[in-house]
Amino acid sequence: MKVSLIIPCYNEEGNVLPLYEAVRDAFEGAVPDYEFVFVNDGSTDGTAAALAELVRTAECPVKAVRFSRNYGKESAILAGLSEASGDCFTIMDGDLQQIPSVVVEMIRYLEEHPDCDCVTAFQEARNESPVMVFFKDHFYKIINRVSDTEFVNGASDFRTFRKNVRDAVLQLPETNRFSKGIFSWVGFSTHYIPYTAEERLSGTTKWSFGKLWAYALSGIISFTTVPLRLPLFLGAGTLAAACGAAVLQRGEKRKTLPAVLAVGSLQLFGIGVLGEYIARVYQETKQRPVYLIKEILDNQK
Ligand code: UDP
Ligand code: MG
């Protein structure tokens, strides 16, 4: 079984070579046939040079796909999946937070369980600030309540899966991609294994709180239309409250400003929700490519 390692990289110059070496050492004697597919997502540091050097010197098969600019991790994952040629595929980060011995464990599980299509690693305990843990836990609670697609709390993009899953994921043409939902939506049998995220080897995280917020919103909008119906229920509630108040306050001259403001805000909220969906419909109808490639280096060609 040939394994393709898909590694999205955005400003990971200090991690490319250590990651390659760590995988090579972990796979020695355990995984005989594998290739690296690095996707340089428009890095502005020396990642392109580090990858070119790796392609030149590596003994293992290495492909380095370089984007024309930064398109985001989701686009890099998609490109990696399209460019990989294995029988099974692993998505892992380029910063060594996810250790290669877990990948060996995933591959072994797939080999021993022919009926299992995907092995996904999940973090039992998050190695993050309490604020981040709070928001992430609540994100999963909300999205699981409003979406039919299941989202497993702590499950990452760190996963190994067969070709049937890869081909299914490539069939989904959407521009706004949210891998956690896409992998769940395509189905197939998935086994979850716990792992602990290590500290980043070098560089810093690319996810600010704002970026994560936008990503979470995009995930909710991609996988449920429940928010679109929210104004309907809120409207019914405020109408009932207005009728009740009208009956109770007959003949009285009460200040109605707070009520008017509340109803006005609810209307704006409804329009805002609508806007979020319309914006995405607009983006999807343009059918722009999810990424553009500047060059592909491949030591097998
Ligand atoms: N990444 C990417 N494009 C981006 C942001 C991140 O390809 O626009 C890559 C990054 O290089 C890393 C992985 O996605 O390999 C996860 O990013 P990061 O480590 O910053 O996220 P964290 O582990 O902090 O959640
Ligand atoms: Mg990381």
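Definitions and cut-offs
- Residues numbered from 1 in each chain as written.
- Chains lettered and ligands numbered in written order.
- Predicted model: local features only at pLDDT ≥ 70, side-chain atom pairs only at ≥ 80, totals over all residues.
- Heavy atoms only, no water.
- Salt bridge = Lys/Arg side-chain N within 4 Å of Asp/Glu carboxyl O.
- Helix = DSSP H or I, 4+ residues; strand = E, 2+ residues; numbered from the N terminus.
- Buried < 20%, exposed > 50% of the residue type's maximum accessible area, 1.4 Å probe, protein only.
- Pairing = 2+ DSSP bridges.
- Axes fitted to C-alpha atoms, helices over the stretch in contact; angles between N-to-C directions.
- Contact = heavy atoms within 4.5 Å.
- Parallel < 35°, antiparallel > 145°, perpendicular 65-115°, else oblique.
- Left-handed = near helix turned anticlockwise from the far one by under 90°.
- Nonpolar A, V, L, I, M, F, W, Y, C, P; charged D, E, K, R; others polar.
- Near = heavy atom within 4 Å.
- Polar contact = N/O pair within 3.5 Å; in protein donor to acceptor, adjacent residues only side chain to side chain.
- Areas by Shrake-Rupley, 256 points an atom, 1.4 Å probe, with all protein chains shown as cover.
- Arc of directions from axis to C-beta.
- Donors = N, O, S within 2.8 Å, 3.2 Å for Na, K, Ca; no water.

Peer 1: Describe the pattern of salt bridges, listing the residues and the values that go with them.
Peer 2: Evaluated as defined, the whole model comprises 12 salt bridges. Residue Glu12 pairs with Arg200 through a salt bridge whose shortest N-O separation is 2.9 Å. Within this pair, whereas Glu12 is found in the loop between β1 (3-9) and α1 (16-27), its partner Arg200 is found in the loop between β7 (190-195) and α8 (209-223), the two being separated by 188 residues in sequence. Overall, the relative accessible area of 5% leaves Glu12 in the buried class. A salt bridge links Arg24 to Asp25; the shortest N-O distance between them is 3.7 Å. One continuous salt-bridge network, built from bridges that share partners, spans Glu12, Asp95, Arg200 and Lys206.

Peer 1: Which residues make up the sheet that holds strand β5 (residues 118-123), and what values do they have?
Peer 2: Taken in spatial order, the 8 strands of this open sheet run β7-β5-β6-β4-β1-β2-β3-β8, and their pairing is mixed. This sheet does not close on itself; its edge strands, each paired only once, are β7 and β8 (293-298). On average, adjacent strands in this sheet sit at an angle of 20° to one another, irrespective of strand direction. Across 4 bridges, β1 lies against strand β4 (residues 88-91) in parallel orientation. Directly across from Ile6, in β4, lies its bridge partner Ile91. On top of the sheet, helix α4 (residues 100-112) reaches β1, β4, β5, β6 (155-162) and β7; it is set at about 45° to β6, its chief contact.

Peer 1: Outline the packing of helix α3 (residues 73-83) against helix α6 (residues 163-171), listing residues and values.
Peer 2: How two helices pack is summed up by the angle between their axes together with the distance between the axes. It is the contact of α3 with α6, at a shortest axis distance of 10 Å, that shows an interaxial angle of 125°. The angle between the axes of α3 and α6 places the two elements in the oblique class. Between α3 and α6 the crossing geometry is left-handed. Along its contact with α3, which presents Leu78, Leu81 and Ser82, the element α6 presents Arg166, Val169 and Leu170. Tallied by class, residues from the contact of α3 with α6 come to 4 nonpolar, 1 polar and 1 charged.

Peer 1: Requested: an account of the site of ligand 1, with residues and values cited.
Peer 2: With respect to spatial proximity, 16 residues lie near ligand 1, and among them Glu12, Asp41, Gln97, Thr205 and Lys206 are the closest. Residue Asn70 places a side-chain N or O atom 3.1 Å away from an oxygen atom belonging to ligand 1. The contact in question runs from an oxygen atom of ligand 1 to an N or O atom on the side chain of Trp207, over 3.3 Å. Protein burial of ligand 1: of its 530 Å² of free accessible surface, 88% is covered by the chains.

Peer 1: Please set out α6 residue by residue, giving values where relevant.
Peer 2: Listed as buried for α6 are Val165, Arg166, Ala168 and Val169. Seen end-on, α6 carries its buried residues on one side only, within an arc spanning 165°.

Peer 1: Describe the coordination of the magnesium ion (ligand 2), and please don't skip the residues or the numbers.
Peer 2: Each angle at a metal carrying four tetrahedral donors should ideally be 109.5 degrees, and each at a metal carrying six octahedral donors should ideally be 90 or 180 degrees. Protein coordination at the magnesium ion (ligand 2) comes from Asp95 (OD) and Gln97 (OE1), with a distance range of 1.9 Å. Taking relative accessible area as the criterion, Asp95 reaches 3% and is therefore assigned buried. On the basis of relative accessible area, Gln97 is assigned to the partly exposed category, the value being 24%.

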